[in-house]
Amino acid sequence: MNAAIAKTCGPGRPKDLEKRAAILDAAKRLFPLTGFEGTSMDAIAAEAGVSKLTVYSHFTDKETLFFAAIRARCEEQMPATLFEIDVDGPVRRQLEAIARAFFALVTAPESISLHRLLNSGTGMSEKLVQMFWEAGPQRVQSGFQQFLRHEVEAGQLVIGDIPRASSQFFALLKGELHARLMCGCSGPFTEQDIETHIRATVEFFLRAYAVNPDRLVAL
């Protein structure tokens, strides 16, 4: 990186990194609100407080920015470290941590808005839908599958079909609460409602895949 690009705003991050972050933040806000077609690069530039040329210098086109925005949102709430196995920690605690992060991600207002746009098909080509899947759900699934493989190798879980088990876990987590949010027919959930749902989901999962389901308290 040359000196001009690396020039910083005081003690903070380099200017180019700050602008990139501002562009991503703008994209994360605008795409769920106005959809892919309804969100222009001009609008993103204005929201980020940069020029359109600067947006294009970081992201070659709107599709690339869309992919990066979805990926960034997922990485913020479900970082790769979340799926690292803790050999000394109980698997139940790790599953609950993953479950809480995932539930918070998929029930956030911007996530609900984006999912509604995807389901409506409005302005979303097959290519965009595939990009969304790869940047978000597929990344989460891959991380969790790797976590499950490590737990199987550690002798904590017995799973014959890891991709299916991963899919089951996240489908159970969404459950009725997520469906009601998607339909817009649900009042606010209490923290206790969410915690009860998460713990029940993890319990159900462990009943199916724990080595000794009759000794779940130890897990």
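Being a predicted model, the structure only gives us computed values, none of them experimental.

**Some remarks on the overall build of the protein**
Okay, step 1: Within the protein, the secondary structure is distributed over 11 helices and 0 strands.
Okay, step 2: Tracing the protein from N to C terminus, the helices and strands come up as α-α-α-α-α-α-α-α-α-α-α.
Okay, step 3: In the protein, 67% of the contacts between residues at least 6 apart in sequence involve partners at least 24 apart.
Okay, step 4: A total of about 11,700 Å² of accessible surface is found on the protein, and carbon and sulfur atoms cover 55% of it.

**So, the environment of Phe-170**
Okay, step 1: When you line up the elements, Phe-170 lands in helix α10 (residues 162–183).
Okay, step 2: For Phe-170, a relative accessible area of 4% puts it in the buried group.
Okay, step 3: C-alpha separation for the pair Phe-170 and Pro-137, spaced 33 residues apart in sequence, amounts to 9.7 Å.
Okay, step 4: Leaving out residues up to four positions away in the same chain, Phe-170 has contacts with Ile-98, Phe-102, Val-140, Gln-141 and Phe-144.

**Digging into α10**
Okay, step 1: Between its first and last C-alpha atoms α10 spans 30 Å; for 22 residues at 1.5 Å apiece the expected length is 32 Å, and the two agree.
Okay, step 2: At Gly-175, α10 shows its largest kink, close to 60°.
Okay, step 3: If you check which residues of α10 are buried, you get Ile-162, Ala-165, Ser-166, Phe-169, Phe-170, Leu-173, Leu-177, His-178 and Met-182.
Okay, step 4: Here the buried face of α10 lies against α6 (91–107), α7 (109–120), α9 (137–153) and α11 (191–209).
Okay, step 5: Of the residues flanking the start of α10, the one acting as N-cap is Asp-161, its side-chain oxygen 3.2 Å from the backbone nitrogen of Arg-164.
Okay, step 6: Remark: Gly-184 follows α10 within two positions and exhibits a positive phi of approximately 70°.

**Quick look at the packing of helix α5 (residues 62–77) against α6**
Okay, step 1: Where α5 contacts α6, the axes come no closer than 9 Å and their chain directions differ by 145°. Our pair here, α5 against α6, has a crossing hand that is right-handed. Within the contact between the two elements, α5 uses Arg-73, Cys-74 and Gln-77 and α6 uses Ala-101, Ala-104 and Leu-105.
Okay, step 2: Class assignment for the residues of the contact of α5 with α6 results in 4 nonpolar, 1 polar and 1 charged.

**Observations concerning the nonpolar core**
Okay, step 1: Of all hydrophobic cores here, the largest spans 30 residues; its most connected members are Leu-95, Phe-144, Leu-148 and Phe-169.
Okay, step 2: Mapped by element, the contributors of at least two residues to this core are α6, α9, α10 and α11.
Okay, step 3: The element contributing the most residues to this core is α6, with 9 residues.
Okay, step 4: The contact partners of Leu-95, leaving out residues within four places of it in the chain, are Phe-144, Phe-147, Phe-169, Val-202, Phe-205 and Leu-206.

**What about the packing of helix α8 (residues 126–135) against α9?**
Relative placement of two packed helices is described by the angle separating their axes and the distance separating the axes.
Okay, step 1: Direction vectors running N to C along α8 and α9 enclose 30°, while the axes themselves pass 3 Å from each other. What the angle tells us is that α8 and α9 run roughly parallel. Each of Phe-132, Trp-133, Glu-134 and Ala-135 in α8 lies in contact with α9, whose residues at this interface are Pro-137, Gln-138 and Arg-139.
Okay, step 2: Split into classes, the residues belonging to the contact of α8 with α9 amount to 4 nonpolar, 1 polar and 2 charged.

**Description of the packing of aromatic side chains**
Okay, step 1: Enumeration over the complete set of coordinates arrives at 11 aromatic pairs.
Okay, step 2: With 4.5 Å between their ring centres and 45° between their planes, Phe-102 and Phe-170 make a pair best called tilted. On the criterion of sequence distance, the pair formed by Phe-102 in helix α6 and Phe-170 in helix α10 is long-range, its members being 68 residues apart. Take Phe-102 and Phe-170: they sit in the same class, and that class is buried.
Okay, step 3: Clustering of aromatic rings is evident, with ring pairs tying together Phe-102, Phe-144, Phe-147, Phe-169, Phe-170, Phe-205 and Tyr-209.
Okay, step 4: We note Lys-62 situated over the ring of Phe-36; from NZ or CZ to the ring centre the distance is 4.5 Å.

About the criteria used
Residues numbered from 1 in each chain as written. Predicted model: local features only at pLDDT ≥ 70, side-chain atom pairs only at ≥ 80, totals over all residues. Heavy atoms only, no water. Helix = DSSP H or I, 4+ residues; strand = E, 2+ residues; numbered from the N terminus. Contact = heavy atoms within 4.5 Å. Areas by Shrake-Rupley, 256 points an atom, 1.4 Å probe, with all protein chains shown as cover. Buried < 20%, exposed > 50% of the residue type's maximum accessible area, 1.4 Å probe, protein only. Expected span 1.5 Å × (residues − 1). Bend = angle between axes of the 7 residues up to and from the residue. Polar contact = N/O pair within 3.5 Å; in protein donor to acceptor, adjacent residues only side chain to side chain. Axes fitted to C-alpha atoms, helices over the stretch in contact; angles between N-to-C directions. Left-handed = near helix turned anticlockwise from the far one by under 90°. Nonpolar A, V, L, I, M, F, W, Y, C, P; charged D, E, K, R; others polar. Core = buried A, V, L, I, M, F, W, Y, C linked by side-chain atoms within 4.5 Å. Parallel < 35°, antiparallel > 145°, perpendicular 65-115°, else oblique. Phe/Tyr/Trp six-rings, centres within 6.5 Å; stacked < 30°, edge-to-face > 60°. Lys NZ or Arg CZ within 6 Å of the ring centre and 35° of its normal.

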